[in-house]
Amino acid sequence: MLYRFIRTWILFFPLWLCGQNMLPPIYNYRLLEYKGASKNWDVSVNDDGELFVANNKGLLYFNGEQWTLNKLPNNTIIRSVESIGDRVYTGSYEEFGYWVKNAIGQLEYTSLTHLIQEHTFTSEEFWEIFPSKDNKVLFRSFSAIYSYDGNGIEVVDPPNFVSDFIEFDDKLIVASGPLGLFELKGEELVPLPDQDLLMGKTITDMVVFKGSLMIGTKLSGCYLFDGKNLRPWSAKINEELKQHQLNKISLLGGDRLGFGTIKNGMYLHDSFTGDYQILNRESGLQNNTVLSILLYNDQLWLGLDNGIARVKLNNPISYYTDHTGVLGMVYDIASYKGKLYLGSNTGVFYFEGNELKFVNGSQGHVWDLVELEGDLLCGHNTGTYKVEEDGFRPLGSITGGYQTIKVPGQNAMYVQGTYNGLSRFIKKSDGDWEITKINGFDFPVKHLCFETPTTLWAAHPYKGFYRIHFDGTEYNEVDRVQQFDYDGGPSEYNVKIYNIKNHIVLNSEGNWYWYNPIADQIVPFGEFKDYEDKELLFVDEEHYWFVDGEDKKAIIYTDLKKDSLMITDLPLRERLAPDSQKVIKVNDSLSFITLSDGFARINPSKLEGQSQQLSLPVPKIIVLRDQKSVYPIDQEQLEIPYRHSQSITIDVASPKYIAPQYYFELKGPKEYSELVESGFIHFQNLPYGDYTFKVSTAGGDNQLSESNMFRFSILPPWYLSTFSLVLYGLLTVLAVFLVRRYNRRKLGRKQRELEQQMEKEQQERLAHLEKEELAKEIRLKQNELASTTLNIAKKNEMMLEIKNMLLVNKDKFSNSQRYRSFIKKLDSSIEDTEDWKRFEVNFKELHEDFFERLLKAYPSLTPKDLKLCAYLKMNLSTKEIAPLMAISVRGVEIHRYRLRKKLEIDSSENLSNFLITF
C-alpha cells in the first residue's frame, strides 16, 4: 500500500484560546536541544534551507537534523546574521565577518574588520546586515554603516543615531532614532518629507508592503509611507501592537503580515480581512518576547528571548487546545444549530462566538453526542440527556449511554448500548422521547451495528460480541442471542464492530474479521490485510480513516483502491487518545478528530493538494563518520580503515523539507535498503569492500526525490591487505619450500633408516646364519670332542683292561723284561699327551678362555686339576672320567673332592654345574 507521508515534526504545547481559535502547529526548540544561550537576536537561511541563528553564545547552525554552535574567537555575542551565497555574515561587538563551510561541513570564521581603514570603533555592536542591490553587504551599528564590496570596506559615519535601514524605491532609507527617516546619499543623511508623526518615536523595524514602506515603532504602532506622505496604519491590530511593544515585522506572503512583540508573542495578521491570530506563551511559545522573524517555505522561524520556535503556516491541520484543563479529554464532537459541541470526560461544552461555554448540569463523563430527529442527545455516564440551550434535560433513568444508532427501516426509532444492555428510543409526535429497556439482554454494550433490520451485533467491552435477533418490529425484547466461540476466532477483549458496505466487520487486538452469513462463521477479512494493528476511526461511502498502532499513531486516509494519504503530524500523533479517538466528518473538506486535550481540524483536500504540489528536495550527504574520523563527501572514493569501520554513520539532511523521511540503498558486499525517519543512518560491522550509497527524500504516494550518492570503500583488515597478501604469498612459497625440504630430508632420513634397517636385518640374518653355522660348527666340534673323548676313554679303558689282564697273567710271561716293556708301553699309551692335546685343542675351540679365566680365578690349580675341570664342564660322569685320567673311579672321586676344596665350593653345590656355568 502506497502512502502519502505528510510529516510535520512539531511539538504542540498547550494553549489558552478565547474561543474556537484554531492555530497552526508550533515546534519549540529548547536550550538543551540547540545547546546555545537563551536569546536569539537574528535568523537567516541559505538557498538549501539551512538555518543560522545569531545567539548570545555564538552562531547556531541547523541543517534540518542537527544543531551546531559555532563560537567567535573572542566569544562575544552575535547580534546579526545574514546568509548570502556560500557565506554567512555575522555582526558582533566591534567585530563582523563571514563564515564558510570547510570540507566536512564545519563553519570557519574570517574577520573583515582588518579591512577598515582610518576608523576607530566606539563600543559598537552590529545589529543588522543587509545585502544591497549593488552587490554590497551593509553592516549597521547604532553609530555607523559599513559597506563591504568584496575587497574593501567603506564607513559611513552619520551624525545621528542609526536604528534601522532598508532599500525603498531604489533608495537606502535610514531610521535615525527619534528624528524620523532619512535617505543616505553618499555619506550624508538627507531628511525625507512629512516626518512629523515619527518625531520622538523609536523606530524598531521597516518592511515594504504593497508599494509602501511600513514603519513599526516601539510603542506607537505602525505607519505607512509612500515616499511623500506619512500616515498612521488604520488596521485594528495597530492598537494591540501599541500595547504590547512591537519589535519586528515580517511579510508572510499575499495579504498577510507577521508582527513580533516584546510582551505578547507573535501576531499573524490578514490585512484583507483584518483578522489576526496570536502565538504567545499561552498558545504554545516558550516566551512572549520575539527578537527575530524569518519566513521560509511556509515555515515561520521565531528567535525568542528564550528559545527558538518554528510555526508551520498554511497547514491543513489546525488545533484547539484547552490550556486550563477544564475541558479534559474530548470523546465526541457534534455540530448543532450552528454551534460546535464538545463531549469530554468533564461534561458538555460549546462555542458561542469565540467563547467556550459549559452546558450546565452536564458534569460527568460524556460518551456520545449525536443529533437525532432535530435534537442533540448526549450519552452520559449517568444516563441519556437532551442538550438544550438552557440546560441538560434527562430523558430516562437508564444509566450510561455508549452509542445510539438508527433502526433500519423504522421511522424515528433508535437503539442505544448502555451499561446494562440495550435501550429503545422512539421520537413521538409531540416531540418527546420514549425510552424503554429491551428485555432479554443485560450485558454492557459499547459498540452497536445492524446487519439487517432484525439482526443487531453488539460488543461487550471485555466479553466478546453477540449476534442479537429480534422477533418482529417492536424491538422491545430480544428473541435469540448468538455467540461465536471457537479457536482461531477474534479475542473477546475490546472488540469493535462495523457495518462496511453491508458486511459485518470486526476488529480484535489489531486483527480484522468478517461475518460470513453463508457459512455462519467469523473468518479473516482479507480486504483489510494491509491494515493489521490499526483501528478504523471512520468510514463513509468512499474513504476510510485508520489510525496506526500505538507507536506511530499515524492516521491513514484511504479509499483502499488508489494510493492513500498518511497524516503523521506530530501534535496529532502525540495527542490522540488510544481507543478513544474519533473522526467526525462535517463535509468533504472538513473533519474533526478528538484529542486528549482538545481537537484537531483537518482539511483532507488541502492536505492531498499540498502533497501533490510538494516538490521533494534532493537530500544532502554531509559527512561520513567512522569510529575515529570524519570524512568529507567531496572525494571520489572514500577509504575507511577496517579497524575503525565497525560503526559507520552517514549524516544526511533535507533542510527545505520539514522533518523528512529518507529512503537509502547501500550496495556492496552487504546490501541494505530502508525507509528511515532520522538523518543519521548507521551501519554496523560492514564487511570490507567497495560500496555505493544512495539516498532520496521520501514523500507522499511513496514518492522519492532524485537520489544523491557517493562511493566509499572499507579497506581490508591488515591481515588481508595487499602487503599482507604478498607476504602471505612469500610465506606460502617459503612454507612450500621448507615443507618440500623437510619432506626431502624426512624422506632421506626415512630412506637411511630403511637402509639401516635393511642393513641391520641383513646383518641379523647373516649373524643368524653365522650363529647357526657356529652352532652347527659347535655341535660338530662338540660331537667331535665328545667322540674324541669317547674314543680316548674307550682306548684307555681297553688299555686298562689289557693292563689288568697282563697284571693278572704276569706269571705266564717268561721274559719279565719283555713284560715290563709291554706294561710300560700300555702306560705310555694310556697317558698319551697327544690325545690330551687334541682334546685340549677341540675343547678350547668350544670354550676359548675357560682355562685362562679359571686359572685367573684359582691360580693354584694344577694341569691335572684343569683336565678334571674340562671333563666336568663337559658334564662327564665319574665313571667316564676315570679311564680318561687313567685312574680308578675312587681316584676320580678323591680328585673331585680335592678340586672342590681348591675351588672353595660348598658341598651342597654341584661341582659340574658350577664349572658348566663358569
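What counts as what
- Residues numbered from 1 in each chain as written.
- Predicted model: local features only at pLDDT ≥ 70, side-chain atom pairs only at ≥ 80, totals over all residues.
- Heavy atoms only, no water.
- Helix = DSSP H or I, 4+ residues; strand = E, 2+ residues; numbered from the N terminus.
- Rg over C-alpha atoms; globule rule 2.2 N^0.38 Å.
- Buried < 20%, exposed > 50% of the residue type's maximum accessible area, 1.4 Å probe, protein only.
- Contact = heavy atoms within 4.5 Å.
- Areas by Shrake-Rupley, 256 points an atom, 1.4 Å probe, with all protein chains shown as cover.
- Lys, Arg positive; Asp, Glu negative; His and termini not counted.
- Charge placed at Lys NZ, Arg CZ, Asp CG, Glu CD.
- Pairing = 2+ DSSP bridges.
- Axes fitted to C-alpha atoms, helices over the stretch in contact; angles between N-to-C directions.
- Patch = residues over 30% accessible without salt bridge, like charges linked within 9 Å, V, L, I, M, F, W, Y side chains within 5 Å.
- Salt bridge = Lys/Arg side-chain N within 4 Å of Asp/Glu carboxyl O.
- Arc of directions from axis to C-beta.
- Parallel < 35°, antiparallel > 145°, perpendicular 65-115°, else oblique.
- Nonpolar A, V, L, I, M, F, W, Y, C, P; charged D, E, K, R; others polar.
- 1 Å grid on protein atoms, 1.4 Å probe; cavity = no way out; pocket = protein on both sides within 12 Å on 5 of 7 lines; lining within 4 Å.
- Points joined across faces, edges and corners; volume = space filled by probe spheres on them.
- Expected span 1.5 Å × (residues − 1).

(A) Fine view of the overall build of the protein. A count of helical and extended segments in the protein gives 12 helices and 66 strands. Computed over the C-alpha atoms, the radius of gyration of the protein is 61 Å, more than 25% above the 29 Å expected from 2.2 N^0.38 for a compact globule of 918 residues. Oriented by its inertia axes, the alpha-carbon framework of the protein measures out at about 205 × 105 × 45 Å. Residues counted as buried form 49% of the 918 residues belonging to the protein. When contacts within the protein are restricted to residue pairs at least 6 apart in sequence, long-range pairs at least 24 apart make up 49% of them. On the protein, roughly 45,400 Å² of surface is accessible, and the fraction owed to carbon and sulfur atoms is 49%. Averaged over its 103 positive side-chain charges, the protein has a centre that lies 16 Å from the centre of its 123 negative ones.

(B) The arrangement of the sheet that holds strand S9 (residues 95-101) in detail. Ordered by their spatial adjacency, four strands build an open sheet running S7-S8-S9-S10, and the pairing between neighbours is antiparallel. Strands at the two margins of the open sheet, each flanked by one partner only, are strand S7 (80-84) and strand S10 (107-111). The sheet shows a mean angle of 25° between the axes of neighbouring strands, direction not considered. Bridge count between S7 and strand S8 (residues 87-92): five bridges; the pairing is antiparallel. Across the sheet, serine 83 pairs through a bridge with valine 88, a residue of S8.

(C) Representation of a nonpolar patch on the surface in the model. Together, Trp718, Tyr719, Phe723, Leu725, Leu727, Tyr728, Leu731, Leu734, Phe737 and Leu738 give the surface a local cluster of nonpolar side chains, amounting to about 1,000 Å² of exposed area. With relative accessibility at 36%, the residue tyrosine 719 sits in the partly exposed group.

(D) Quick look at helix H2 (residues 237-244). Every buried residue belonging to H2 is among Ile237, Asn238, Leu241 and His244, and all of these are buried. Taken end-on, H2 shows its buried residues confined to a sector of 140°, consistent with a single buried face. More than 90 degrees from the buried face of H2, the exposed residues found are Glu239 and Gln243. Of the surrounding secondary structure, the elements contacted by the buried residues of H2 are strand S21 (222-225), strand S23 (246-251), strand S24 (256-261), strand S25 (266-270) and strand S26 (276-279). A positive phi of about 65° marks glutamine 245, the residue just after H2.

(E) Highlighting the sheet that holds strand S11 (residues 126-131). In space, the four strands of this open sheet follow the order S11-S12-S13-S14, with antiparallel pairing throughout. Lying at the two open borders of the sheet, with one neighbouring strand each, are S11 and strand S14 (153-156). The mean angle between the axes of side-by-side strands here comes to 20°, regardless of whether they run parallel or antiparallel.

(F) Quick peek at a positive patch on the surface. The grouping of Arg740, Arg741, Arg744, Arg745, Lys746, Arg749, Lys750 and Arg752 at the surface amounts to a positive patch. With respect to the helices and strands, the residue lysine 746 is situated in helix H5 (residues 722-808). On the accessibility criterion, lysine 746 (43% relative accessible area) is partly exposed.

(G) Geometry of the packing of helix H9 (residues 863-873) against helix H11 (residues 889-902). Orientation of H9 relative to H11, taken along the N-to-C sense of each, is 100°, at an axis distance of 11 Å. Overall, the two elements H9 and H11 adopt an arrangement that is roughly perpendicular. Touching Lys864, Asp865, Leu868, Cys869 and Leu872 of H9 are His895, Arg896, Leu899 and Lys902, all from H11. Split into classes, the residues belonging to the contact of H9 with H11 amount to four nonpolar, one polar and four charged.

(H) The arrangement of empty space enclosed by the protein in detail. All chains considered together, the criterion is met by three cavities of 30 Å³ or more. Looking at the largest cavity, its volume works out to about 80 Å³. Lining the largest cavity are Gly49, Leu51, Phe62, Gly64, Tyr296, Gln299, Trp301, Arg310, Pro655, Tyr657, Ile658 and Ala659. A class-by-class count of the residues in the lining of the largest cavity yields eight nonpolar, three polar and one charged.

(I) Focus on H11. Compared with an ideal rise of 1.5 Å per residue, which puts 14 residues at 20 Å, H11 spans 20 Å between its outermost C-alpha atoms and is within 8% of the ideal. Summarising the contacts, the buried residues of H11 are in contact with H9, helix H10 (878-885) and helix H12 (911-916). Once H11 finishes, glutamate 904 follows within two positions and takes phi at roughly 55°, a positive value.

(J) Seen up close, the pattern of salt bridges. Evaluated as defined, the whole model comprises 25 salt bridges. Of the charged contacts in the structure, one is a salt bridge between aspartate 255 and lysine 210, with a shortest N-O distance of 2.7 Å. Highlighted residues: aspartate 255 in the loop between S23 and S24 and lysine 210 in the loop between strand S19 (203-209) and strand S20 (212-217), separated in sequence by 45 residues. By relative accessible area, aspartate 255 is classed as partly exposed at 27%. On the basis of relative accessibility, which here comes to 56%, the residue lysine 210 falls in the exposed class. Aspartate 368 is paired through a salt bridge with lysine 582; the nearest N and O atoms lie 3.8 Å apart. Of the two residues, aspartate 368 sits in strand S35 (residues 366-372) while lysine 582 sits in the loop between helix H3 (570-575) and strand S55 (583-587), which places them 214 residues apart along the sequence. For aspartate 368, a relative accessible area of 7% puts it in the buried group. A single salt-bridge network, built from bridges that share partners, covers Asp375, Lys386, Glu388, Arg393 and Lys427.

Scope: geometric values only; no functional claims are made or implied.
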